[in-house]
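Inside the fold
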Amino acid sequence: MEIPKLFRKLLIPTVLGMVFSAVFVITDGIFVGQGIGSDALAAVNITAPLFLISTGIGLMFGVGASVVASIHLSQGKLKTARINVTQAVVVSSLFLAVLWGVVSSERLLPLAVEYMYWFLPFLVFSALLSSGMFFVRLDGSPNYAMLCNAIPAVVNILLDYVFIFILKWGMMGAALATSLGYILGAGMIVVYLSRRRNVIHFCRVKLSKKSMRLTWRNVKYMCHLGVSTFLCEA
């Protein structure tokens with residue numbers, strides 16, 4: 001494809017995807033502030049660094065793996081590109097499957113803990129959504145990548161209203177609405193990358209000593225390429 005045409009094809013869906021991602025975060029603040037109160041909004045902001053770090057990790061692996069995979073695609077090494085994407089998703093997910101802790105004021109601690117309790121376990125889905133959009137676009141489906149942001153954003157808005165204003169679930173409802181939105185987006189990514197007919201899709205993870213050594217080498221290279229993006233978020 002000619003570069004100007006390719007640029008136009010990727011530009012609009014990518015920008016719209018970023019817009020919906022911003023809407024996802026902004027609407028959370030609006031619903032929490034209006035439906036629960038200013039202390040609740042402050043408590044949510046205390047957890048923001050954890051969200052930004054998880055997003056940064058997702059973007060780091062998304063940028064790094066997409067660069068490595070695109071190089072291999074240009075060389076006709078389709079299997080290697082698929083392995084790179086699989087390694088990025090597995091390693092970043094395992095990396096985020098840990099317990100996080102924060103220190104906050106005594107006044108906001110109960111609200112922050114309640115939000116974190118229903119939000120932190122699902123950060124892995126947030127990171128997967130961030131990195132997965134790079135792989136979907138690399139496969140030539142920028143519109144689908146946009147939908148992976150747009151649909152969860154709309155669902156999050158609806159669930160925020162239902163959980164906070166109708167069911168009166170407070171901070172639990174706000175966190176649960178956000179988490180379910182991320183799970184939906186990540187699920188769309190997983191479904192796409194599981195289709196064997198796509199050029200970029202998951203492949204079987206090997207646990208041999210040689211495979212682990214190659215995975216470690218590839219992961220270091222991906223992180224080297226994407227660490228600047230992570231630092232911006234961090």
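Not measured: the values here are computed from a predicted model.

So, on to the overall build of the protein. Per the secondary structure count, the protein includes 9 helices and 0 strands. Along the protein, helices (α) and strands (β) appear in the sequence α-α-α-α-α-α-α-α-α when read from the amino end. For 234 residues, the compact-globule formula gives about 17 Å, and the C-alpha radius of gyration of the protein, at 19 Å, lands near that figure. Dimensions of the protein, computed from C-alpha atoms along their principal axes, come out at roughly 55 × 40 × 30 Å. Looking at the 234 residues of the protein, the share that counts as buried comes to 44%.

Nonpolar side chains collect at one region of the surface, where Phe 7, Leu 11, Ile 12, Val 15, Leu 16 and Val 19 lie side by side and expose about 520 Å² of accessible area between them. Following the sequence through the fold, Phe 7 ends up in helix 1 (residues 3-35).

The subject of this paragraph is the packing of aromatic side chains. If you walk through the whole model with that rule in mind, you get 6 aromatic pairs. Counting every residue linked through ring pairs, the aromatic cluster contains Phe 31, Tyr 161 and Phe 165. The ring of Phe 134 has Arg 137 sitting right over it, with the charged end atom 5.2 Å from the ring centre.

Attention now goes to unusual backbone geometry. At Lys 168, a residue that is not glycine, the phi angle is positive and equals roughly 60°. Residue class for Lys 168 comes out exposed when judged on its relative accessible area of 63%.

Right, let's talk about the nonpolar core for a bit. Phe 119, Phe 135, Ile 189 and Leu 193 are the most contacted members of the largest nonpolar core, which has 50 residues in total. Per-element tally for this core: the top contributor is helix 8 (residues 170-193), with 9 residues. Not counting residues within four places of it along the chain, the set of residues in contact with Phe 135 comprises Phe 61, Gly 62, Ala 65, Ser 66, Val 85, Ala 88, Val 89, Leu 193 and Ile 200.

A few words now on helix 8. For the α-helix, the turn length of 3.6 residues means that residues three or four positions removed from each other point alike. In this model, helix 8 (24 residues) spans 35 Å end to end at C-alpha, consistent with the 34 Å of a helix rising 1.5 Å per residue. Burial analysis of helix 8 places 17 of its 24 residues in the buried class, the great majority of the element.

Between helix 6 (residues 123-138) and helix 8, the least distance of the axes is 8 Å, while the angle of their chain directions is 40°. Judged on the interaxial angle alone, helix 8 and helix 6 are oblique. In this structure, helix 6 crosses over helix 8, and the sense of that crossing is left-handed. For the pair formed by helix 6 and helix 8, the contact residues are Phe 125, Ser 126, Leu 128, Leu 129, Gly 132, Met 133, Phe 135 and Val 136 on the first element and Tyr 182, Ile 183, Gly 185, Ala 186, Ile 189, Val 190, Tyr 192 and Leu 193 on the second. Looking at the contact of helix 6 with helix 8 residue by residue, the classes come out as 13 nonpolar, 3 polar and no charged.

Within the secondary structure, Asn 84 is located in helix 4 (residues 78-96). Beyond its immediate sequence surroundings of up to four residues, Asn 84 is in contact with Ala 65, Val 68, Ala 69, His 72, Asn 218 and Met 222.

The next subject is the state of the cysteines. Applying the stated criterion across every chain yields a total of 0 disulfides. Of the cysteine sulfurs around Cys 148, a residue in no disulfide, the closest is that of Cys 203, at 20 Å. You can call Cys 148 buried: its relative accessible area is 0%. Left unpaired, Cys 223 is separated from the closest cysteine sulfur, that of Cys 232, by 15 Å.

Conventions and cut-offs
- Residues numbered from 1 in each chain as written.
- Predicted model: local features only at pLDDT ≥ 70, side-chain atom pairs only at ≥ 80, totals over all residues.
- Heavy atoms only, no water.
- Helix = DSSP H or I, 4+ residues; strand = E, 2+ residues; numbered from the N terminus.
- Rg over C-alpha atoms; globule rule 2.2 N^0.38 Å.
- Buried < 20%, exposed > 50% of the residue type's maximum accessible area, 1.4 Å probe, protein only.
- Patch = residues over 30% accessible without salt bridge, like charges linked within 9 Å, V, L, I, M, F, W, Y side chains within 5 Å.
- Areas by Shrake-Rupley, 256 points an atom, 1.4 Å probe, with all protein chains shown as cover.
- Salt bridge = Lys/Arg side-chain N within 4 Å of Asp/Glu carboxyl O.
- Phe/Tyr/Trp six-rings, centres within 6.5 Å; stacked < 30°, edge-to-face > 60°.
- Lys NZ or Arg CZ within 6 Å of the ring centre and 35° of its normal.
- Core = buried A, V, L, I, M, F, W, Y, C linked by side-chain atoms within 4.5 Å.
- Contact = heavy atoms within 4.5 Å.
- Expected span 1.5 Å × (residues − 1).
- Axes fitted to C-alpha atoms, helices over the stretch in contact; angles between N-to-C directions.
- Parallel < 35°, antiparallel > 145°, perpendicular 65-115°, else oblique.
- Left-handed = near helix turned anticlockwise from the far one by under 90°.
- Nonpolar A, V, L, I, M, F, W, Y, C, P; charged D, E, K, R; others polar.
- Disulfide = S-S within 2.5 Å.

By themselves, these observations are geometric and do not establish any function.
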